[in-house]
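Listed here are the chains, written in short residue letters.
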Amino acid sequence: MGLVMFLADNAPKKGRDVVQLLLFVLPAMLLLAAGMIWPAISTIWQSVTTKAGEFVGLDNFVTIFTDPTGQVVLRNTLIWVVFVPTISTVVGLAYALFIDRAKGEKILKSLVFMPMAISFVGASIIWGFMYTYRSEGFPQIGLLNQILVWLGMSPYQFVETPPWNTFFLLVVMAWIQTGFAMVVLSAAIKGVPAEIVEAAELDGASAWERFLHVTLPWIRGSLVVVVTTITISTLKVFDIVRTMTGGQYNTSVVANEMYTRAFRLGQPEIGAALAVVLFILVLPIVIYNIRVLRQHKETH
């Protein structure tokens, strides 16, 4: 740092600003290149080569989309992306609306937000206990199966039975992300000008009409942020699947399959191709999020 300061102070007067800028920015750029740009280029190259380094074009991607296992992985990822953001946003928005300015609002919100403080691994272990299965006739230690027994039904293998096990796994993610959606949307709802709401009420608008035509347009930017943020997190989900099933029983998703192929099955080229697929899926969502945020700032 001292050397950088010395060179910056003693740079020629002509072009000193440029030299100083380069000297201070260059270390960060080098770190960025070493930590992000070069690994990204290396991964892209590895995705179009064999394990031995021979160029094969898009063969690895063809394998992903034609292999039965790859198709299950992509299907599961699509299911996660559709249901987790939808459930989390709808439940979070409904909760924010119904308890807005209600008695005990802080406590009620804290209860919903609390799962956000739990890691994905911790949440998976908690829900693993909830889903624990024992054969019929044995004492059930899983809460859900004990409830089924109390109702006179047979215990169910929640985690091991496809395709419904994917839905039981994504509930864990939705449970965690609902708190995030609730906090962001609750803050956005409180930002709706009271004058506009009162004017709509005086015009005879019902509660549903006020929500549809006043509240919803006003919080559109926050809704987009919530949906896109949860969608990106869902696309990258790894911990929950890895902890609860390890990708078995047809529950694997792209991030988990990427790890399995690259580090467990000795197929780094397929793992790299899956990483590129994941990047391609996330990129348009990030771009859309940035565009909407800019538009939202301009209109407010």
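Residues numbered from 1 in each chain as written. Predicted model: local features only at pLDDT ≥ 70, side-chain atom pairs only at ≥ 80, totals over all residues. Heavy atoms only, no water.

Novice: Hey, could you run me through the overall build of the protein chain in this one?
Specialist: Secondary structure summary: the protein chain contains 14 helices and zero strands in total. In summary, the protein chain has a C-alpha radius of gyration of 25 Å against a globular reference of 19 Å for 300 residues, an excess of more than 25%. Viewed in the frame of its principal axes, the protein chain has a C-alpha envelope of about 80 × 65 × 35 Å. A buried classification covers 35% of the 300 residues belonging to the protein chain. (Helix = DSSP H or I, 4+ residues; strand = E, 2+ residues; numbered from the N terminus. Rg over C-alpha atoms; globule rule 2.2 N^0.38 Å. Buried < 20%, exposed > 50% of the residue type's maximum accessible area, 1.4 Å probe, protein only.)

Novice: Even after reading the chapter, I still don't get the nonpolar core, so can you show me in this structure?
Specialist: Most often, soluble globular proteins have nonpolar side chains that are buried together. Core analysis: the biggest nonpolar cluster contains 36 residues, and Trp80, Leu93, Val172, Ile219, Ile240 and Met244 have the highest contact counts within it. For this core, the secondary structure elements donating two or more residues are helix H4 (68-98), helix H6 (120-131), helix H8 (164-190), helix H10 (207-218), helix H11 (220-235) and helix H12 (239-244). In terms of residue count, the dominant contributor to this core is H8 (eleven residues). Within the second largest apolar cluster, 15 residues are counted, among which are Val73, Val277, Val282 and Ile285. (Core = buried A, V, L, I, M, F, W, Y, C linked by side-chain atoms within 4.5 Å.)

Novice: I keep staring at unusual backbone geometry and nothing clicks. Help me out?
Specialist: Note on backbone geometry: most residues besides glycine have negative phi, and most peptide bonds are trans. Cis peptide bonds are those with omega within 30 degrees of zero, and the linkage from Pro162 to Pro163 qualifies with -5 degrees. Mapped onto the fold, Pro163 is located in the loop between helix H7 (143-150) and H8. In this model, Tyr249 sits at a positive phi of 60 degrees, which is unusual for a non-glycine residue. As for its position among the elements, Tyr249 is in the loop between H12 and helix H13 (254-264). Since its relative accessible area comes to 37%, Tyr249 is described here as partly exposed.

Novice: Is there a simple way to think about the side chain of Gln177 in this case?
Specialist: Examined against the element boundaries, Gln177 turns out to sit in helix H8. Discounting residues that sit within four places of it in the chain, Gln177 has contacts with Ser88, Met116, Phe120, Ile230 and Ser233. (Contact = heavy atoms within 4.5 Å.)

Novice: I tried to follow the pattern of salt bridges on my own but got confused; where do I start?
Specialist: Side chains bearing opposite charge may pair, as long as their charged atoms lie close to each other. Evaluated as defined, the whole model comprises two salt bridges. Note that Arg261 is salt-bridged to Asp67, the shortest N-O span being 3.3 Å. Of the two residues, Arg261 sits in helix H13 while Asp67 sits in the loop between helix H3 (59-66) and H4, which places them 194 residues apart along the sequence. We classify Arg261 as buried; its relative accessible area is 10%. We classify Asp67 as partly exposed; its relative accessible area is 24%. One salt bridge connects Glu257 with Arg261, and the closest N-O pair in it is separated by 2.8 Å. Pair noted here: Glu257 and Arg261 are both in helix H13, with a separation of four residues, about one helical turn. Connected via shared salt-bridge partners are Asp67, Glu257 and Arg261. (Salt bridge = Lys/Arg side-chain N within 4 Å of Asp/Glu carboxyl O.)

Novice: Can you help me understand the environment of Ser124 in this one?
Specialist: By the element assignment, Ser124 lies in helix H6. Note on Ser124: relative accessible area 2%, which makes it buried. Here the alpha-carbon distance between Ser124 and Asp239, two residues 115 residues apart in the chain, equals 7.9 Å. When neighbours within four sequence positions are excluded, Ser124 is seen to be in contact with Val172, Asp239, Ile240, Thr243 and Met244.

Novice: Can you help me understand the UniProt feature "transmembrane region" (unreviewed entry) in the protein chain in this one?
Specialist: In the numbering used here, UniProt assigns the "transmembrane region" (unreviewed entry) feature to residues 21-41, 78-99, 111-131, 168-189, 218-238 and 270-290. Between the end C-alpha atoms of residues 111-131 there is a gap of 22 Å, over a span that is 71% helix and 0% strand. Within residues 218-238, the helical portion is 81% and the strand portion 0%, while the C-alpha atoms at the span's ends are 34 Å from each other. (UniProt positions renumbered as here; feature names shortened; annotations may be inferred.)

Novice: Just checking my understanding: could you explain the environment of Ala181 for this structure?
Specialist: Along the polypeptide, Ala181 turns up in helix H8. Residues Ala181 and Ser88, 93 residues apart in the sequence, show an inter-C-alpha distance of 6.5 Å. Those residues in contact with Ala181 that sit more than four places away from it in its chain are Ser88, Thr89, Gly92, Val226 and Ile230.

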